[in-house]
Each structure stands twice: as structure tokens, then as C-alpha cells.
Amino acid sequence: MIPKVKTYQEDERIQRKRWIILVILNLFVFMSTLDSSIVNIALPVISKTMNLPIAKIQWVVSIYLIAICTFILLFGKLGDQYGKIRIFKIGMIIFLVGSLLCGFSSTLPYLLLFRMIQAVGASMTMANSQGIVTEIFPPTERGKALGLIGTFVSLGSIAGPSLGGLLVSAFGWEYIFWVNIPIGLIAISFGWRLLPADLTFVKAKLDVLGSILFSVFIISLFSGLLLGQQFGYQDIRILGAIILAVVTFIFFLWTESRTEQPMLQFSLFKNPSFSLSILCGCLVFVSTFCFNIISPFYTQNILHLPPLSAGLLLMLFPITMSIVAPLSGALSDKIGSELLTFIGLVIMVLAQVGLSTLHANSSILFVGSLVAILGLGNGLFQSPNNSLVMSSVPRSQLGIAGSINSLIRNIGMVVGIAVATTTLFSVMSAKAGYRVTGLIPNRPDIFIDGMHIVLIGSASICFIAALLTGMRLFKAKVAVRHQ
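Definitions and cut-offs
- Within each chain, residue numbers correspond to sequence positions counted from 1 in written order.
- Local features are withheld for residues below a pLDDT of 70 in this predicted model, meaning they are given only at 70 or higher, and side-chain atom pairs are given and counted only at 80 or more; totals for whole chains, interfaces and linings count all residues.
- Where side-chain values are given, they derive from all heavy atoms of the structure, hydrogens and water being excluded.
- Salt-bridge detection follows one rule: a side-chain nitrogen of Lys or Arg within 4 Å of a carboxyl oxygen of Asp or Glu.
- Strands here are runs of E lasting at least two residues and helices are runs of H or I lasting at least four, both read from the DSSP assignment and numbered beginning at the N terminus.
- Residues are treated as being in contact if the distance between any of their heavy atoms lies within 4.5 Å.
- Surface patches are drawn from residues lacking salt bridges whose relative accessible area is over 30%; two like charges belong together within 9 Å, two nonpolar side chains (Val, Leu, Ile, Met, Phe, Trp, Tyr) within 5 Å.
- The accessible surface values rely on the Shrake-Rupley method and a 1.4 Å probe; as for residues, cover is taken only from the protein chains in view.
- Helices are assigned an expected span. That span is 1.5 Å times one less than the residue count.
- Three exposure classes are used, based on accessible area relative to the maximum for each residue type with a 1.4 Å probe and protein chains only: buried under 20%, partly exposed in between, and exposed over 50%.
- Note on ring pairs: Phe, Tyr and Trp rings are taken, using the six-membered ring of Trp, and paired if centres are within 6.5 Å. Classes follow the plane angle, with under 30 degrees stacked, over 60 edge-to-face and the rest tilted.
- Only lysine NZ and arginine CZ atoms are considered, and such an atom sits over a ring when it is within 6 Å of the ring centre and within 35 degrees of the ring normal.

> Describe in detail the pattern of salt bridges, supporting the description with residues and values.
Per the counting criterion, the structure on display carries three salt bridges. Note that aspartate 445 and arginine 443 form a salt bridge whose closest N and O atoms lie 2.8 Å from each other.

> So what's going on with the environment of leucine 276? Which residues, and what values?
Within the secondary structure, leucine 276 is located in helix H13 (residues 272-302). Setting aside anything within four residues of it in sequence, one finds leucine 276 in contact with Leu468 and Arg472.

> Residues and numbers for a nonpolar patch on the surface, please.
Residues Leu206, Val208, Ile212, Val216 and Leu244 make up a contiguous nonpolar surface patch of roughly 390 Å² in combined accessible area. Ranked by residue count, the leading element in the nonpolar patch is helix H11 (residues 208-231), at three residues.

> For helix H7 (residues 108-136), give the residues involved together with the corresponding values.
Along its 29 residues, H7 runs 42 Å from first to last C-alpha, staying within 8% of the 42 Å computed at 1.5 Å per residue. Most of H7 is tucked away: 23 of the 29 residues are buried.

> Account for the packing of aromatic side chains, naming residues and giving values.
For the structure shown, the criterion picks out 12 aromatic pairs. An angle of 25 degrees between the planes, with centres 6.5 Å apart, marks the rings of phenylalanine 291 and phenylalanine 317 as stacked. Taken together, the residues phenylalanine 291 in helix H13 and phenylalanine 317 in helix H15 (residues 316-335) connect sequence positions 26 residues apart. Here the two residues phenylalanine 291 and phenylalanine 317 agree in accessibility, since each one is buried. In textbook terms, an aromatic cluster arises when at least three aromatic residues are bridged by ring pairs, as seen for Phe104, Phe171, Tyr175 and Trp178. In this structure, lysine 89 packs its charged tip against the face of tryptophan 192, placed 5.2 Å from the ring centre. The ring centre of phenylalanine 190 lies 5.0 Å from the NZ or CZ of arginine 193, which sits over that ring.

> Please give an account of the environment of phenylalanine 28 that cites residues and values.
Mapped onto the fold, phenylalanine 28 is located in helix H2 (residues 18-34). In sequence terms phenylalanine 28 and phenylalanine 88 are 60 residues apart; their C-alpha atoms lie 9.3 Å from each other. Contact partners of phenylalanine 28, with chain neighbours within four places excluded, come to Phe88, Met92, Phe95, Leu96, Thr125, Gly184, Ala187 and Ile188.

So, in C-alpha cells, the structure goes:
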């Protein structure tokens, strides 16, 4: 008779398979985050195919991220209640079904609908992957394991433009979705055999009111921000959506603070390490997605590179990051995470300042060097930061902590898109003398002016994160001296 175990770390069979389990989790983590950015490189192609301006076609990216933000806290809570691995498995299937349907979409409404289905599955896997890893891996390997999963999260977010460029050039835009099918089926076949049964359950009622309020807040806020670019922020419908978001968010905070079993555990934010790491992670994704949404249009429309060449150029980011991030994660287990996150952020600031100087005649070598340096900084930052987030919470709250981390990351992506496109179109409109919602034929100078302001802004956002992290590092050193 096999003795019962209380934790996965006491089960020798699971411990022998823990790295294989991590690979399975990382495959879906990579695909679900990849699909938040892989569409970026295909936007110019889809825009031409469906005859739609940038302001409309960007919804293919935005709707996916908004849906993830809407559902991710709910699935984190459900993971704590009914089992993180069970929710993860269901999410695998839903994500693949959504991916298959996206590739068959012939109109924008159908594509947006199927992207939402895809996002539901993605949010189920994102919300629980970090909690599963933290439960399975012992503390001595947790930083490395979380670093790897954080690496795949970031690689998925950043590799989209480069991998998408290869797929669009070779096969067509539909394959940016269909590429998930063979990889996903392999991951599912191994996952069903190797992922263990859930051990940790939290008996609690589902916070229905909190879930509804949060959903209304996310949908109204980001719909207002993104539609404002198309119709203008003075439009009464846009103002109404933003006011609704503010009112709903205040009501959400009020109800959550008075609910015995809230969807969002405010107690987690009392931990300064958790709160600061979450905030810096959000700022980095805002900054990175400013670059992500701009770079495909710069490389294809300004440098006149075909999608394949643009994809190869932008692939320098994930290649550099994939080399650096695992080393950074392993190093964080030995020397701590604070110094590594600070160095990574400083490098990212310098890279983005360099990117803000690009123009129509910039050399490919110079552009590629800056992209690689940005990947270096991101690789140094992401793994240690994820380790700081997940190692600072109790085991019973790993699911909700992981979902908060994923939520903040996806909010950062949506905000990055909104900041980048709003800034870009505002500057372009001011330069052109009329309202602009897309590229102006034969006027690359106007786009470049807008791009410069966007990238200076993204560097500033990253600088704030570096400043906050530097202050934490300084305080930690002062505390050690006084011990």
C-alpha cells in the first residue's frame, strides 16, 4: 500500500518527474503568452487582407488580453478551491479549440469571438502554472523553476513578432494560431499521464459579486481606453465607459475589503516584497509592449523589411533572453534576486533610450544590437522577479498569487498597447494637422516622430521600475549593515 503524502515534495515519484512536469507546464505557458504578441507582426498583413485600419485591427491583440485580465483572478481562485492542476488541464483543451477556430476566421467579428475562447483557456493555464510549480519544487530549486517558467512567459510575450514573421512569410497569417495545435496535443498527451492529482484544496465560497465587478471594471476600462483612439476621448460613450470603470473599481475594493472570502486577497499586498515585485513586473510589461506594438510597423513599413526578415531581426530579443534568463534564475537562488532585477532594469532603460534614436536609415546591425540588449536586460530581470513574487506567499494562496502575477502582467500588456498607440496617434495627428488612426502613405517621418515619443515614454516607465528596485536594494544593504 502506497503511503499518503501531504505535499508533492514528499512524493518521490513526483519528484523524479518534476522537471518533465515543468516542461509540460512551460509549453502551455509559452503558447498562451505567445498568442498575446504573435499577432503583432501579422497585423499589417491582416489589416490589408480584411481592409481595416490599425485602430480596428489592433483589437485582435487587445481582446485576447482583456479577456485574460477579466477571467484570470477567477480561475486562480477556482484553482485554489477545486485544484490547480484540474483547472490547468481544462484550460489546455479550451485554448487549443480556440486556436483552431481562430485560423478559420474570415471576418473580424469571428476572429475576435474565437480569440476570446482562446483567452479563457489561456487564463486557466496562466492563473495556476506558477502555483503548481511552487508546490512541486523544493525551496532550494524553486527560484530556478520559477525562473524558467517566468522565462517562458516572457519568451512567449516577446517571441511573438519574430516567430510570427516566419510563419506569416512561409504559410500565411492563419498559421500563427494553428502552430499551437501540434505542440498543444503533444503537451496534453504527456500532461494527462504525468501531471499528478491535486493535493491542496481551499474550502471557500466563490466571490460572485467580486468576480462580476472586476469583469465590468476591466472590460469598461480597456474598452474605453482603446476605443478612445478611434472615436476620441471626448466622445460621451468613451467618457461613460471610463467613469463606469472608476466607479466599479471603487465599489469592487469596498466589497472585497468587507467579504470574508474575497476573490482578491488584499493581505498579499501587505508584503512589501510581493507588492513591489508585482508593480515592477507590470511596469516592465507596459514598457516592453510599447516596443512590441511599434516594432513590427517600424521594421516592415519604415525599414521596408519583409515579414520574414523583420521576424528574424526581432528574434534577437527572445534568443538573447532565452540564454540569459535561465542563468539569471539559477544565480538568484545563490545570490538573491534584488541585485539582478536592478541590473536588468538599468540595461533595459539604456536599450530603450537607444531605440528612441532610430530613424528610416538606421542600419540593421544597430537595430539588431539594441533589440538584443533589450532582451539581455529583460532576461536578467524576469526570472528573479518571478521568484521574488512567488516565494513570498503561503502555500494556500499560491493559486491566487500566481493569478495576480499573471493578471498584472497582462494588464501591463494592455496598458502598453493603449499607451503606445494613443501616444503614437496623438503625435502623428499633431504633426499631420488632422486625426490619424493609421500609417500615412509617403510620410514615414510622421510615424518616426511618434515612435520616438513612444519609446522615450517606455524608457521612462522602465526607469521608474529601476528607481524603485534600486531603493529596495539600498534599503536591504543598509539593513544588513545594522545587523
